[in-house]
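Fold and contact review
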Amino acid sequence: MDLAFVSSPSRNTMKVLASVGALSQMLLTPGCRGHKLLLQLYFYTRSGLANSRRMASSSLDQKSRIFAVEPNIYSPNPFYFTCSRGPSAPFMTPKDWPMLDQGGLAFSVCIAKGARVKTASLHKSLGQELSQQLPDSEILRLISYSPENLPGSLEKGFFILPPHSCPDAQKRLCKVLMKYPQGIQLCSYSKGEEHEIWQCLWELNGGAKETARSRVLRVEEPVSSPFVDSIKGSAMFYSLEDACDVLEECSSVIPEAKEVLASVQPHRPLDEGRFPVIVIEGLDATGKSTLTESLRSHLNAALLKSPPDCISQWRTIFDSESALIKRAYYAIGNYIGAAEIAKASKTSPVIVDRFWHSTAAYTIATEMGGGIHNLPDHHHDVYQWPEDLLRPDLVILLTVSDEERIHRIRKRGLQETKEERELEANSMFRQRVEEAYKRMENPACLIIDASPPMAVVLQEALALIKKHCDI
Ligand SMILES: Nc1ncnc2c1ncn2[C@@H]1O[C@H](COP(=O)(O)OP(=O)(O)OP(=O)(O)O)[C@@H](O)[C@H]1O
Ligand SMILES: Cc1cn([C@H]2C[C@H](O)[C@@H](COP(=O)(O)O)O2)c(=O)[nH]c1=O
């Protein structure tokens, strides 16, 4: 079955067909003769012609858009393509997409822009369902945008690479997409006779019908990464107001969002005390809790952590939401924590186990794929501290080798978070988190190698605190 190579059926052909029910029966019979055509006819019958005007405009819009696929096993950098007919743009060939070389297919699925909470939830649930229904396919993140108005036109989606051994992948994909009748755009990609690549645009409206076909053209990597623009609008929050807007928007479906918002201190700017605020950061199991506890007793300090206790009971709920909602929760957690820090700093030094740097580093590392060379450049806006957030006096980043960290996680034997499991499994992700920490600015992190025994790490931390803080 090959969606991409079937030409549109004529209306006369359609009349011959008795019923959609009979067609769908045949469709589900693998190896059935005329299987390809039947699939096409089935989709055609179900979709009808009602939306032909919408189809025409979406295929025009489609042609001017650029698609960007996150780094993957075939491409260490994001790859960019379009379907417009620029005079000089080179065609893409299976050299660029080796997975299409043996006659395979790839797919892109884009989610049309809508209300951001709803769109983010749709993106999350669609991603989960695609992974479940196509467990052997590589499901990559994709964004699509118009070059004239990148932030305003940005749409998110997925690029799907089924294995050659999965001939019914497209059938399964369509079955998933049928459940999302509105706002999903499906394209398939296949190799042509002259080694060119074709994109077929499918209309999904109760069914799927091919509406346009264009050659795929290569686009040079832009100077400023659209993936970074994408995270700035959908997972990074640089003001309390921004993050609160998201939780307000979702509070009718997530009642706990109201509870979190109720914990936000309305009076700002905060009235800080004279004692120093010291944040300890690092990957999981680098020794933050051990060090913060020792510092607390050595300095007679207050010990706080992020997210703060008053909202941590809802953490698992927000962890299972879309990136937009989850990151809004963590961002707000910092502002709620800041009010507690300001109050505590009036009577003693304050030690904080994770703060804004964790929120930013994990977000950047999760949203940007590939190696550390794909991270936003040093000094980029994403590494800056939010203007309206209490600024600590010192941030210490603990680093240990991967082997030692994993050894500590295993020895500790506690329940790991999903991100911790990913960190263990994905060394590139780990490197991105640590590198993002190192690129943070104002305040930047001061690094301590936390591999030596605890007593040594403590002495180093105390020395840094003495040097940089008024203690
Ligand atoms: N310097 C050290 N040398 C050897 N083991 C250490 C050292 N520091 C901490 N550990 C051990 O490593 C494990 C992880 O430490 P800890 O819980 O303090 O890390 P963490 O950074 O707070 O982790 P998480 O962020 O996941 O809560 C614990 O079992 C702890 O006893
Ligand atoms: C504070 C904070 C945490 N996270 C993520 C990063 C890790 O996977 C876990 C670690 O939490 P722990 O309480 O230290 O074990 O939570 C995050 O993504 N953003 C944040 O702001």
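What counts as what
Residues numbered from 1 in each chain as written. Chains lettered and ligands numbered in written order. Predicted model: local features only at pLDDT ≥ 70, side-chain atom pairs only at ≥ 80, totals over all residues. Heavy atoms only, no water. UniProt positions renumbered as here; feature names shortened; annotations may be inferred. Axes fitted to C-alpha atoms, helices over the stretch in contact; angles between N-to-C directions. Helix = DSSP H or I, 4+ residues; strand = E, 2+ residues; numbered from the N terminus. Parallel < 35°, antiparallel > 145°, perpendicular 65-115°, else oblique. Left-handed = near helix turned anticlockwise from the far one by under 90°. Contact = heavy atoms within 4.5 Å. Nonpolar A, V, L, I, M, F, W, Y, C, P; charged D, E, K, R; others polar. Near = heavy atom within 4 Å. Polar contact = N/O pair within 3.5 Å; in protein donor to acceptor, adjacent residues only side chain to side chain. Areas by Shrake-Rupley, 256 points an atom, 1.4 Å probe, with all protein chains shown as cover. Buried < 20%, exposed > 50% of the residue type's maximum accessible area, 1.4 Å probe, protein only. 1 Å grid on protein atoms, 1.4 Å probe; cavity = no way out; pocket = protein on both sides within 12 Å on 5 of 7 lines; lining within 4 Å. Points joined across faces, edges and corners; volume = space filled by probe spheres on them.

Under an unreviewed UniProt entry, the name given to the protein chain is UMP-CMP kinase 2, mitochondrial, and the source organism is Eleutherodactylus coqui. In the Subcellular location (unreviewed entry) part of its UniProt record, the protein chain is described as follows: "Mitochondrion". On record in UniProt, under Sequence similarities (unreviewed entry), the comment for the protein chain is "Belongs to the thymidylate kinase family."

The next thing to look at is the packing of helix α14 (residues 323–344) against helix α15 (residues 356–367). The angle between the axes and the distance between the axes are what describe a pair of packed helices. Across the interface, α14 lies against α15 with an axial gap of 9 Å and an inter-helix angle of 165°. Regarding the angle of α14 to α15, the classification is roughly antiparallel. Like other packed secondary-structure pairs, α14 and α15 cross with a definite hand, here left-handed. Along its contact with α14, which presents Ala-323, Arg-327, Tyr-330, Ala-331 and Asn-334, the element α15 presents Trp-356, Thr-359, Tyr-362, Thr-363, Thr-366 and Glu-367. Broken down by class, the residue content of the contact of α14 with α15 amounts to 5 nonpolar, 4 polar and 2 charged.

In the vicinity of ligand 1 lie 17 residues, with Ala-285, Lys-288, Ser-289, Thr-290 and Pro-452 positioned nearest. One of the backbone N or O atoms of Thr-286 is found 3.2 Å from an oxygen atom in ligand 1. Here Gly-287 contributes a backbone N or O atom positioned 3.1 Å from an oxygen atom of ligand 1. The protein chains hide 80% of the 630 Å² of surface that ligand 1 would expose on its own. With 3 residues, the single largest contributor to the shell around ligand 1 is helix α11 (residues 288–299). Each residue belonging to the shell around ligand 1 can be placed in one class, and the counts come to 7 nonpolar, 4 polar and 6 charged.

Here Glu-155 is to be found in strand β5 (residues 155–161). Looking at Glu-155, the relative accessible area reads 15%, which means it is buried. Residues contacting Glu-155, with those up to four places away along its chain left out, are Arg-65, Cys-110, Ile-111, Ala-112, Lys-113, Leu-142, Ile-143 and Ser-144.

This brings us to empty space enclosed by the protein. Applying the stated rule across the entire model yields 1 cavity of 30 Å³ or more. Its volume calculated, the largest cavity comes out at about 30 Å³. As for the largest cavity, its lining consists of Pro-71, Pro-78, Phe-227, Met-368, Gly-369 and Asn-374. Residues that form the lining of the largest cavity fall into these classes: 4 nonpolar, 2 polar and no charged.

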